[in-house]
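Remarks on the overall topology
Chain by chain, the residues:
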Amino acid sequence: MSRMLTVDPNEVTIFIDPSRLFSIRLYIWDPAMTYPIHAHGAWGIVSCVAGAIIERKYERIDGGERPGRAEIRELGRNTLRPGETTVVLPLYQGIHSMESASQDSPSISLHLYGRAVRRGYLECFDLHKKTVYKVIPPYLYGRACVLKALGAVREDWAADILEKAAVDKKAYLRYEALRSLAQLDREKALSYLEEEIIKETALKDELAILYKTIKQLSD
Ligand SMILES: [Fe+2]
């Protein structure tokens, strides 16, 4: 019952400060389980409780100008054993990956996370393909997939559904809806985006880039 609907199926939420200042979570790692390279929305202190966990730290070396593309470089790696601790900073200052170093029994880590400066998704990186992609909680993922697919359906009804989703409560779903709507009706997508980019949302920067990209296409 203490599991929150987060991105990670191996997470157990232990405590969330009522004012959302910090949270404490346990992660249970099957032997040899690897977590992709990612950037957090919050700072964190991570400690190994059982087994052994390898952490690799990375830095981003491109300027982030091209949506979906990212170049990163490994800075170093460290194996955490019970009682040992590492820290991560938010966003691109804290890009890292973790994996269980134990081959036969689960590893456990305890994570203290601060207040998120960005909510709703993680950014994951592929070192070799030089790409970056968003990972959202599973309960949103199905809806996001449908919104992505609707952009390829060149029918009015698809645009109608996307327009409804363009005012969804969840910023991430609005983002995907507008990205798809832009493929069907650029002008309509732009008018929604003009309202979006003046709001304070979890995806303010991404929405601004999307607006700029679509605007360039229509000019
Ligand atoms: Fe992490």
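See the structure above.
These numbers were taken from a predicted model, which means no experiment stands behind them.

Digging into the environment of Met98
Topologically, Met98 is positioned in strand β8 (residues 96–100). Placed 62 residues apart in sequence, Met98 and Pro36 show a C-alpha to C-alpha distance of 7.3 Å. Dropping the residues within four chain positions of it, Met98 is found in contact with Trp29, Met33, Thr34, Tyr35, Val46, Ile53, Ile54, Glu55, Leu80 and His111.

Considering the pattern of salt bridges
Tallied over the entire structure, the rule returns 14 salt bridges. For Asp168, the salt bridge is made with Arg143, and the minimal N-O distance between the two is 2.6 Å. Here Asp168, found in the loop between α2 (156–165) and α3 (171–184), pairs with Arg143, found in helix α1 (residues 138–150); they are 25 residues apart in sequence, far enough to count as distant. Salt bridges sharing partners connect three or more residues here, namely Arg56, Glu74, Arg77 and Glu99.

Concerning the sheet that holds strand β11 (residues 131–135)
An order of β6-β5-β8-β3-β10-β11 is seen for the 6 strands of this open sheet, with the pairing classed as antiparallel. Sheet topology places β6 (72–80) and β11 at the edges, where each strand pairs with a single neighbour. Each strand axis lies, on average, 30° off the axis of its neighbour in the sheet, ignoring direction.

Considering the environment of Asp30
Examined against the element boundaries, Asp30 turns out to sit in the loop between β2 (22–29) and β3 (34–39). Classification of Asp30 as partly exposed rests on a relative accessible area of 48%. Distance in space between the C-alpha atoms of Asp30 and Asp104 is 8.5 Å, their sequence separation being 74 residues.

Considering the side chain of Ser97
Summarising the element assignment, Ser97 is placed in strand β8. Residues in contact with Ser97, not counting those within four places in the same chain, are Tyr35, Pro36, Ile37, Ile54, Glu55, Arg56 and Tyr58.

Focus on unusual backbone geometry
One non-glycine residue, Arg20, lies in the positive phi region at around 65°. Mapped onto the secondary structure, Arg20 falls in the loop between β1 (11–16) and β2. On the accessibility criterion, Arg20 (43% relative accessible area) is partly exposed. Despite not being glycine, Lys130 shows a phi value in the positive range, around 60°. For Lys130, a relative accessible area of 37% translates into the label partly exposed.

Examining the coordination of the iron ion
The iron ion binds to the protein through His38 (NE2), His40 (NE2) and His96 (NE2); the donor distances cover 2.0 to 2.1 Å. Mapping the donors of the iron ion onto the primary sequence yields the spacing H-x1-H-x55-H. Of this pair, His40 sits in the loop between β3 and β4 (44–50) while His96 sits in strand β8; the two residues are 56 residues apart in sequence, bridging distant segments of the chain. Each member of the pair, His40 as well as His96, carries the same accessibility label: buried.

With respect to the state of the cysteines
Chemically, a disulfide is nothing more than a covalent bond linking the sulfur atoms of two cysteines. The tally for this structure, following the rule as stated, stands at 0 disulfides. With no disulfide of its own, Cys124 lies closest to Cys145 among cysteine sulfurs, the gap being 15 Å. Residue class for Cys124 comes out buried when judged on its relative accessible area of 1%.

Conventions adopted
Starting from 1, residues in each chain are numbered consecutively following that chain's sequence as written. Whole-chain, interface and lining totals are the exception, using all residues; otherwise, since this is a predicted model, local features are given only for residues with pLDDT of at least 70 and side-chain atom pairs are given and counted only at 80 or more. Side-chain figures throughout are based on the complete set of non-hydrogen atoms in the structure, without hydrogens or water. Helix and strand labels come from DSSP, where a helix needs a run of H or I of at least four residues and a strand needs a run of E of at least two; each type is numbered from the N terminus. In this analysis, two residues are considered to be in contact whenever any of their non-hydrogen atoms come within 4.5 Å of each other. Here, a salt bridge means any side-chain nitrogen of Lys or Arg that lies within 4 Å of a carboxyl oxygen of Asp or Glu. Two strands pair under a simple rule: DSSP has to find at least two bridges between them. Simply put, an axis is a line fit to the C-alpha atoms, just over the touching stretch for a helix, and the angle between two N-to-C directions goes from 0 to 180 degrees. Summary of the burial criterion: residues with accessible area below 20% of their type's maximum are buried, those above 50% are exposed, and those between are partly exposed, where the area comes from a 1.4 Å probe applied to protein chains only. Coordination partners: N, O, S within 2.8 Å of the metal, 3.2 Å for Na, K and Ca; water not considered, so apparent gaps in a site are possible. Two cysteine sulfurs form a disulfide in these notes if their separation is within 2.5 Å.

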